[in-house]
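# Examining the three-dimensional arrangement
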Amino acid sequence: MLKEFEALEANLRQSFRILAETRPRADIAELDGVSIASLGASFQMFNAAFLNRHVPTSEDMEDRLNRARRLFLARGLPWAFWICEDWLARPVRRALVGACERFALRPAAEMPGMVADSLRDPARFSLRGRAAPGLEMRRAEAPRVMQDFRSIGSVCFHVPPAWFNEVFDDSMPSRDFTCWVGYRGDTPVTTAATVVSDGVIGLYNVATAPDARGKGYAEAATRHAIASASRESGLTRVILQSTAQGERLYKRLGFREVSRVVVFNSLPGPAYDQ
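Because the structure is a prediction, the values reported are computed rather than measured.

### Concerning the overall build of the protein
A count of helical and extended segments in the protein gives 8 helices and 11 strands. Taking 2.2 N^0.38 as the reference for a compact globule, 274 residues should give roughly 19 Å; the C-alpha atoms of the protein span a radius of gyration of 18 Å, in line with that estimate. The principal-axis extent of the C-alpha atoms belonging to the protein is close to 55 × 35 × 30 Å. Residues counted as buried form 56% of the 274 residues belonging to the protein. For the protein, the proportion of contacts with a sequence separation of at least 24, taken over those separated by at least 6, is 74%. Approximately 11,800 Å² of the protein is accessible, and the part contributed by carbon and sulfur atoms is 49%. Seen as two clouds, the 36 positive and the 32 negative side-chain charges of the protein have centres 4 Å apart.

And the structure:
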């Protein structure tokens, strides 16, 4: 059975593999100690390398960095290394920033990796889950709904629209990355997405339009997306990587931190806090 951080990290990697599948410039590969899930995209955060097992020494870490860099240099692509800190021995963790800098990788994001065995009943701690009357959740199966998903995500995650459109294109309904948009009347106000793998439901892309915040929409979208994935999969355990803005909500819902995910980019530019 996978440890909690392993299930979290494996689901994160799977989410990138799903996004990369069938794209013409994609690379999905298992190297020695490194997994590659690259879309071949303009946005370097989605040309990704991941650790896939424990790293005992700094020399081993540098070997893995070098393997990943060689692949992306050969492709002529900017790239990112997504690292779950629990894969790292403590001395490796302390030396990680310096090691990455030697490979021209800059710190881009640090997110708590969180797990909930099930969501708390909103009646036990808050009325927010009931404070979004009239919110209609639509699965992003039509191009217009998918465009609304992209529009909210681009604004909330501070990513250029062209880059976000490239990652979350109109092929998404055929993938196992289920996207949702919440509407207040005809106005899209919130999004959420799920990926089911490795015995857990991964929650991604929870976002609310800036002028619609503070009304309980993010919680409503989160609960709806998870409930749908749970009905379809029979699973209840949920994992996510939180933004600073979302961490308070997730703790109220019953999530607890089990690891941290740090991201290093080969180029300066926007991060991507899911």
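### A look at the packing of aromatic side chains
Within the structure shown, the criterion is met by 16 aromatic pairs. Seen from their ring centres, F164 and F168 are 4.9 Å apart, and the 40° between their planes marks the pair as tilted. Judged by relative accessible area, which is 1%, F168 ranks as buried. On the numbers, 5.9 Å between centres and 65° between planes, the contact of F168 with F177 is edge-to-face. Seen from the ring of Y183, R138 lies directly overhead, with NZ or CZ sitting 3.8 Å from the centre.

### Details of the pattern of salt bridges
In the structure shown here, the tally under the stated rule is 22 salt bridges. Of the charged contacts in the structure, one is a salt bridge between R23 and D169, with a shortest N-O distance of 3.0 Å. You can see R23 sitting in the loop between α1 (4–20) and β1 (27–31) and its partner D169 sitting in the loop between α6 (161–167) and β7 (178–184), a full 146 residues away along the chain. By relative accessible area, R23 is classed as buried at 12%. Close ionic contact of E247 with K251 constitutes a salt bridge, the shortest N to O distance being 3.5 Å. Here E247 and its partner K251 are both found in helix α8 (residues 247–253), 4 residues apart, which amounts to about one turn of the helix.

### Comments concerning helix α5 (residues 143–156)
Count 3.6 residues to each turn of an α-helix, and residues three or four apart come out pointing the same way. Taking 1.5 Å of rise per residue, 14 residues should cover 20 Å, and α5 covers 20 Å from first to last C-alpha, within 8% of that figure. One or two residues past the end of α5 sits H158, with phi positive at roughly 55°.

### What about the sheet that holds β1?
Here 11 strands make up an open sheet; going across it, the order is β1-β2-β3-β4-β11-β5-β10-β9-β8-β7-β6 and the pairing mixed. The two strands at the open ends of the sheet, each matched to only one other strand, are β1 and β6 (135–139). Pairs of neighbouring strands in the sheet enclose a mean axial angle of 25°, with direction left out of account. Bridge count between strand β3 (residues 47–51) and strand β4 (residues 80–84): 3 bridges; the pairing is parallel.

### Here we look at the confidence of the model for the protein
Of the residues in the protein, 94% reach a pLDDT of 70 or more, and the chain-wide mean stands at 93. In this model, residues 125–131 is a region of pLDDT below 50 whose contacts with residues beyond four sequence positions or in other chains number 15 contacts.

### Describing the layout of surface pockets
The volume enclosed by the second largest pocket comes to roughly 290 Å³. Surrounding the second largest pocket, 19 residues form its lining, R139, R175, D176, T178 and E232 being those nearest its centre. Among the secondary structure elements, those contributing two or more residues to the lining of the second largest pocket are β7, β8 (187–197) and α7 (217–233). Sort the elements by how many residues they give to the lining of the second largest pocket and α7 lands first, with 5 residues. In terms of residue class, the lining of the second largest pocket is built from 10 nonpolar, 4 polar and 5 charged.

Cut-off values and rules
- Residues numbered from 1 in each chain as written.
- Predicted model: local features only at pLDDT ≥ 70, side-chain atom pairs only at ≥ 80, totals over all residues.
- Heavy atoms only, no water.
- Helix = DSSP H or I, 4+ residues; strand = E, 2+ residues; numbered from the N terminus.
- Rg over C-alpha atoms; globule rule 2.2 N^0.38 Å.
- Buried < 20%, exposed > 50% of the residue type's maximum accessible area, 1.4 Å probe, protein only.
- Contact = heavy atoms within 4.5 Å.
- Areas by Shrake-Rupley, 256 points an atom, 1.4 Å probe, with all protein chains shown as cover.
- Lys, Arg positive; Asp, Glu negative; His and termini not counted.
- Charge placed at Lys NZ, Arg CZ, Asp CG, Glu CD.
- Phe/Tyr/Trp six-rings, centres within 6.5 Å; stacked < 30°, edge-to-face > 60°.
- Lys NZ or Arg CZ within 6 Å of the ring centre and 35° of its normal.
- Salt bridge = Lys/Arg side-chain N within 4 Å of Asp/Glu carboxyl O.
- Expected span 1.5 Å × (residues − 1).
- Pairing = 2+ DSSP bridges.
- Axes fitted to C-alpha atoms, helices over the stretch in contact; angles between N-to-C directions.
- pLDDT = per-residue confidence, 0-100.
- 1 Å grid on protein atoms, 1.4 Å probe; cavity = no way out; pocket = protein on both sides within 12 Å on 5 of 7 lines; lining within 4 Å.
- Points joined across faces, edges and corners; volume = space filled by probe spheres on them.
- Nonpolar A, V, L, I, M, F, W, Y, C, P; charged D, E, K, R; others polar.

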